[in-house]
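Chain residues, written in single-letter form:
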Amino acid sequence: MIPWEWIGIGNCLFSVVACVFLTISYVASLYVWRTKENRDHPSTIKRRFFSVFIMMMLAPLFTYYFLNKPMDIREMYEKMGLREEGFVQALILPLLLTVILFLGPLSMQLFSGAWRIYIEPMYWISCWQDLVWVRNHIMAPLSEEWVFRACMMPLLLQCLNPMSAVFIGPLLFGIAHFHHVFEQIKAGYEIKTALIVSSFQFTYTTMFGAYSSFLFLRSGHFIAPLMAHIFCNHMGFPNFSDVALFPPLERFVIVCNYLLGFVLWCYLLNPMTSPDLYYNKLNFVT
């Protein structure tokens, strides 16, 4: 007779293998098309849209198949963060928390006048007509959060405690972004430069993945990390060197806002993601 603990280890192993397979499949789906065009060419973007859409359809099947406990579709959807209770809070509060973290970059937009572009209707019309913008702001966050958070995290929680899943799961998310090294080499970068850039990207995408996973587990909602991801993709990684371009007084305010934003974010991280706010009774980080 096979010991029950062996069965548990086997199920856990299958869950991890499924997550690794999903990571490899997600990246591989971007390269199934043979093309000489770069990643920003419209034909490349459209083909990759189709590929990741197929991955988004297949990923929940892995989640359903490898979850240990038999459950109906509704219960599985809840574990994947698709539920009604606390939806409005999940839509607003994690996004607001992320905005607070970006007080420094936002103050730079305020002083430079860049914020005015957001009140121009033509700006938004042109954005939706730009496939690169749609990819970066819609398709990439949607597909990545769906596959790496909604579909993978329930599987990882079968093997890991929530806090471990928050930090280990995002490693797969970071690795999934390392494929950009090949595109950079193809674009003419030296191998050393491409590796440095991709290593930096791996670092901050893994850190964001941990934050995104934290939001997902604490809120129990898929929409929470999705909104944070969209906003972070829009803002990009802060360009600290641009601070020096502002007059002294504005520079002082910007630096203060960078520090204030980070301090407030740290202080509000737990209160604004309290599971009670989102009626979250699932697995979450305490």
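Bear in mind that the values here come from a model prediction, so they are computed numbers and not experimental data.

> Residues and numbers for the overall build of the chain, please.
Counting its regular elements, the chain contains 13 helices and 0 strands. Taken over 286 residues, the chain has a buried fraction of 43%.

> Can you break down the pattern of salt bridges residue by residue, with the values?
Evaluation of the coordinates by the stated rule reveals 4 salt bridges. Note that R39 is salt-bridged to D40, the shortest N-O span being 4.0 Å. Measuring nitrogen to oxygen at the nearest pair gives 3.9 Å for the salt bridge that ties E78 to R74. Linking E78 with R74, this pair stays in helix α3 (residues 73-79), spanning 4 residues, or about one helical turn. By relative accessible area, E78 is classed as partly exposed at 27%. One salt-bridge network, in which partners are shared between bridges, spans R39, D40 and R135.

> Pulling in residues and values, what's your account of the UniProt feature "transmembrane region" (unreviewed entry) in the chain?
UniProt tags residues 6-28, 49-67, 87-111, 163-182, 194-216 and 252-270 as "transmembrane region" (unreviewed entry). Helix makes up 95% of residues 49-67 and strand 0%, with an end-to-end C-alpha separation of 28 Å. Along residues 87-111, the helical share is 96% and the strand share 0%, with 34 Å between the first and last C-alpha atoms.

> Can you explain the packing of helix α2 (residues 42-66) against helix α7 (residues 131-151)? Please cite residues and give values.
Axis separation between α2 and α7 bottoms out at 10 Å; the angle between their running directions is 15°. The angle between α2 and α7 places the two elements in the roughly parallel class. Every pair of crossing elements has a handedness; the one defined by α2 and α7 is left-handed. The segment α2 lies against α7, with P42, I45, K46, F49, V52, F53, M56, A59, P60 and T63 engaging L131, V132, V134, R135, M139, L142, S143, W146, V147 and C151. Class assignment of the residues belonging to the contact of α2 with α7 gives a composition of 16 nonpolar, 2 polar and 2 charged.

> Lay out the nonpolar core in plain terms, naming residues and giving numbers.
Core analysis: the biggest nonpolar cluster contains 57 residues, and L97, W146, V147, M152 and Y211 have the highest contact counts within it. Among the elements that take part in this core, α7 stands out by supplying 8 residues, more than any other. Those residues within four positions of Y211 in sequence are excluded, and the remaining contacts are P94, L97, T98, A228, W265 and L269. Ranked by size, the runner-up nonpolar core spans 5 residues in total, among them V243, F246, I254 and Y258.

> Go over the confidence of the model for the chain, please, and point to the residues and values.
Detailed reading of the predicted model is not advised wherever pLDDT is low. Summing up the model confidence of the chain, the mean pLDDT is 88 and the portion of residues at 70 or higher is 89%. Model confidence for the chain, summarised as mean pLDDT per element, is weakest for helix α10 (residues 180-186) at 67 and strongest for helix α4 (residues 87-101) at 98. Note on residues 1-8: pLDDT is under 50 here. Beyond four places in sequence and across chains, it has 1 contact.

> Got a sec to walk through the packing of aromatic side chains? Specific residues and values, please.
A complete count under the given rule lists 18 aromatic pairs for this structure. Grouped by ring-pair contacts, the aromatic residues Y118, Y123, W124, W128 and W133 constitute a single cluster.

> Tell me what's going on with the environment of Y258, and back it up with residues and numbers.
Mapping Y258 onto the fold places it in helix α13 (residues 248-268). Take Y258: its relative accessible area is 15%, and that puts it in the buried class. Taking the C-alpha atoms as reference, Y258 lies 9.4 Å from L106; in sequence the two are 152 residues apart. In contact with Y258, other than residues within four places in its own chain, are G104, P105, M108, P238, F240 and V243.

> Which residues make up the side chain of H137, and what values do they have?
Following the sequence through the fold, H137 ends up in helix α7. Accessibility expressed as a relative area gives 9% for H137, which makes it buried. Ignoring any residue separated from it by four or fewer positions in sequence, one finds H137 in contact with I230 and H234.

> Lay out the side chain of E145 with the relevant residues and their values.
On the secondary structure map, E145 appears in helix α7. Take E145: its relative accessible area is 0%, and that puts it in the buried class. For E145, the side chain forms a polar contact with the side chain of R149, separated by 2.9 Å. At a separation of 2.6 Å, a polar atom in the side chain of E145 contacts the side chain of H229. Non-local contacts of E145, meaning those with residues more than four positions away in its chain, are made with A150, F208, S212, F222, P225, L226 and H229.

> Help me get a handle on the environment of S213, residues and values and all.
For S213, the location among the structural elements is in helix α11 (residues 191-219). Spatially, the C-alpha atom of S213 lies 6.3 Å from that of R149, the residues being 64 residues apart in sequence. Among residues more than four places away in sequence, those in contact with S213 are R149, M153, V166 and P170.

The rules we used
- Residues numbered from 1 in each chain as written.
- Predicted model: local features only at pLDDT ≥ 70, side-chain atom pairs only at ≥ 80, totals over all residues.
- Heavy atoms only, no water.
- Helix = DSSP H or I, 4+ residues; strand = E, 2+ residues; numbered from the N terminus.
- Buried < 20%, exposed > 50% of the residue type's maximum accessible area, 1.4 Å probe, protein only.
- Salt bridge = Lys/Arg side-chain N within 4 Å of Asp/Glu carboxyl O.
- UniProt positions renumbered as here; feature names shortened; annotations may be inferred.
- Axes fitted to C-alpha atoms, helices over the stretch in contact; angles between N-to-C directions.
- Parallel < 35°, antiparallel > 145°, perpendicular 65-115°, else oblique.
- Left-handed = near helix turned anticlockwise from the far one by under 90°.
- Contact = heavy atoms within 4.5 Å.
- Nonpolar A, V, L, I, M, F, W, Y, C, P; charged D, E, K, R; others polar.
- Core = buried A, V, L, I, M, F, W, Y, C linked by side-chain atoms within 4.5 Å.
- pLDDT = per-residue confidence, 0-100.
- Phe/Tyr/Trp six-rings, centres within 6.5 Å; stacked < 30°, edge-to-face > 60°.
- Polar contact = N/O pair within 3.5 Å; in protein donor to acceptor, adjacent residues only side chain to side chain.

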